Amino acid sequence: MAKNNNNNNNKKNNTNNKNNNNNNNKNNSKEGGKKRGKVANPWLDHVKATMKLHPDMKFKDVLKEAKKTYKK
């Protein structure tokens, strides 16, 4: 009988840990997924803008198009 009680307690602890992890993830998502202190990458910003202009284009082709129009 003692083993069954321990197993039940372990399951409850695991469930509580999962809930705590979910709460931590929710808190992080308020920041929009960006880490503090990071500098924006102009190339990635340009690629994202190019993707918005060409939503039906494959990513490989978007990169080629972005390369043509990117100014350092």
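Attention in this report is confined to the structure presented alongside it. Note that the structure is predicted; figures quoted are calculated from it, not measured.

Next up on the list: the overall build of the protein chain. A count of helices and strands for the protein chain gives three helices and zero strands. Along the protein chain, from the amino end to the carboxyl end, the secondary structure elements read α-α-α. Taken across its 72 residues, the protein chain has 7% of its residues classed as buried. With an accessible surface of roughly 7100 Å², the protein chain has 50% of that area assigned to carbon and sulfur atoms.

This part takes up the side chain of H46. Turning to its location among the elements, H46 is positioned in helix 2 (residues 42-53). Polar side-chain contacts of H46 include one of 3.1 Å to the backbone oxygen of A66. Of note is the side chain of H46, whose polar atom sits 2.8 Å from the side chain of T69. Beyond its immediate stretch of four places on either side in the chain, H46 contacts A66, T69 and Y70.

What counts and how
Residues numbered from 1 in each chain as written. Predicted model: local features only at pLDDT ≥ 70, side-chain atom pairs only at ≥ 80, totals over all residues. Heavy atoms only, no water. Helix = DSSP H or I, 4+ residues; strand = E, 2+ residues; numbered from the N terminus. Buried < 20%, exposed > 50% of the residue type's maximum accessible area, 1.4 Å probe, protein only. Areas by Shrake-Rupley, 256 points an atom, 1.4 Å probe, with all protein chains shown as cover. Polar contact = N/O pair within 3.5 Å; in protein donor to acceptor, adjacent residues only side chain to side chain. Contact = heavy atoms within 4.5 Å.

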